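# Results of the structural survey
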Amino acid sequence: MDDAASLPERWINLSGKVALVTGAASGIGQAAALSLAGAGAIVLALDRDADGAQDVAKAIRREGGQADARALDVTSQAQWDETTRWVRETRGTIDILVNSAGVALSDRAGDTELDVYQRTFAINVEGSLLGMAAALEFMRAAGKGAIVNLSSTASLQGNPIMASYGASKAAISHFTRSAAKETMRAGHDIRINAVLPGLIETAMADDFHAIFDKVGPRDAFVKMITTGRAGRPEEVADLILYLVSDHASFISGACIVIDRAASA
Ligand SMILES: NC(=O)c1ccc[n+]([C@@H]2O[C@H](COP(=O)([O-])OP(=O)(O)OC[C@H]3O[C@@H](n4cnc5c(N)ncnc54)[C@H](O)[C@@H]3O)[C@@H](O)[C@H]2O)c1
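The notes below deal with the structure included here. Since the structure is predicted, the reported quantities are computational estimates derived from the model, not experimental observations.

## Thoughts on the site of the ligand
- Around the ligand, 27 residues are found, and the nearest of them are Ser-26, Ile-28, Asp-47, Tyr-165 and Thr-202.
- Here an oxygen atom of the ligand sits 2.6 Å away from a polar atom, N or O, in the side chain of Ser-26.
- One of the side-chain N or O atoms of Thr-202 is found 2.5 Å from an oxygen atom in the ligand.
- Alone, the ligand offers 830 Å² of accessible surface; in the complex the protein occludes 95% of this.
- Among the secondary structure elements, those contributing two or more residues to the shell around the ligand are α1 (27-38), α5 (163-185) and α6 (203-212).
- Classifying every residue of the shell around the ligand by side-chain character gives 14 nonpolar, nine polar and four charged.

Written as structure tokens, this is what we have:
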């Protein structure tokens, strides 16, 4: 062993990295924005809830971090174009993208209105794809970057009343794998991963409860899809933080379950 070998640094340092987070006003996106800023990243909090995104950016700045916020509906190409124009003029690049904006709209297979399918896929799938396209333009030019997409354990197994939500998440997992392989094969050090949380205590968990109330007792639902408790958004944010850091330099195209063995 080399006498001069030093212990490797093991804390995550994202100083100076520009990180965009969609769905940053609430839940997992909010926790991810705070974690990234805590590690030194310059965060851009994006959400269709403009006030909520501003509140998160203000909280980060109050704690000494760097953050801005902008209103963004992830389904709008025009709004993504506006966002990337702003980023180019003010920050110059995008190093990190976390696609957390999402909705839980679902109904019985066969009873689901077309509008519900369309909104589910527009936000959960197309919104993430537009975000990836925006980020990849900068990342390809830089030759590097890290993207994390929010999929779900609902993409892995069938669940009653969750067909359209689960299908949208399966689509984003698959897109993650293919895009990751494509960018690596093209010679870019751009890592694209998906995280697949089980039930997490956020506003969306209330939406899931409301959906499941249609078919049975809420307790039975929670029991069915957890091993005793729902997760906290901060627990998912820790995984996201690791995945966008250099410590995860050999991880790309992965769909990583975080559910305390619930789907094991
Ligand atoms: N909470 C869970 O149990 C759970 C489990 C697995 C996966 N997920 C996924 O994690 C991600 C975050 O979920 P969460 O639990 O934090 O939900 P949340 O409801 O707390 O937050 C979602 C955020 O996305 C924003 N949003 C919704 N539509 C948007 C749009 N068109 N444009 C911009 N922003 C939009 C909302 O305003 C909200 O701030 C979602 O993709 C969700 O599918 C959540």
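## Observations concerning the packing of α6 against helix α7 (residues 218-225)
- At a minimum axis separation of 9 Å, α6 and α7 run at an interaxial angle of 120°. Classified by the angle their axes make, α6 and α7 are oblique. α6 and α7 meet at a crossing whose hand is right-handed. Contact residues: Phe-208, His-209, Ala-210 and Phe-212 in α6; Arg-218, Phe-221, Val-222 and Met-224 in α7.
- For the contact of α6 with α7, the residue count by class is six nonpolar, one polar and one charged.

## Remarks on the sheet that holds strand β5 (residues 144-150)
- A sheet is described by the order of its strands in space; here seven strands give the open sequence β3-β2-β1-β4-β5-β6-β7, paired in parallel fashion. Of all strands in the sheet, those bounded by a partner on one side alone are β3 (66-71) and β7 (255-258). On average, adjacent strands in this sheet sit at an angle of 20° to one another, irrespective of strand direction.
- Here six bridges tie strand β2 (residues 42-47) to β3, and the two strands are oriented parallel to one another.

## A few points about the side chain of Thr-183
- Relative to the helices and strands, Thr-183 is located in helix α5.
- Given a relative accessible area of 1%, Thr-183 falls into the buried group.
- Once residues lying within four places of it in the same chain are set aside, the contact partners of Thr-183 are Leu-136, Arg-140, His-188, Ile-190 and Ile-192.

## Observations concerning unusual backbone geometry
- A positive phi angle is found at Ile-161, which is not glycine, with a value near 70°.
- Mapped onto the elements of the fold, Ile-161 is located in the loop between β5 and α5.
- Overall, Ile-161 belongs to the buried group, its relative accessible area being 7%.
- The phi dihedral of Ala-261 is positive, around 70°, even though this residue is not glycine.
- With relative accessibility at 48%, the residue Ala-261 sits in the partly exposed group.

What counts as what
- Residues numbered from 1 in each chain as written.
- Predicted model: local features only at pLDDT ≥ 70, side-chain atom pairs only at ≥ 80, totals over all residues.
- Heavy atoms only, no water.
- Near = heavy atom within 4 Å.
- Polar contact = N/O pair within 3.5 Å; in protein donor to acceptor, adjacent residues only side chain to side chain.
- Areas by Shrake-Rupley, 256 points an atom, 1.4 Å probe, with all protein chains shown as cover.
- Helix = DSSP H or I, 4+ residues; strand = E, 2+ residues; numbered from the N terminus.
- Nonpolar A, V, L, I, M, F, W, Y, C, P; charged D, E, K, R; others polar.
- Axes fitted to C-alpha atoms, helices over the stretch in contact; angles between N-to-C directions.
- Parallel < 35°, antiparallel > 145°, perpendicular 65-115°, else oblique.
- Left-handed = near helix turned anticlockwise from the far one by under 90°.
- Contact = heavy atoms within 4.5 Å.
- Pairing = 2+ DSSP bridges.
- Buried < 20%, exposed > 50% of the residue type's maximum accessible area, 1.4 Å probe, protein only.

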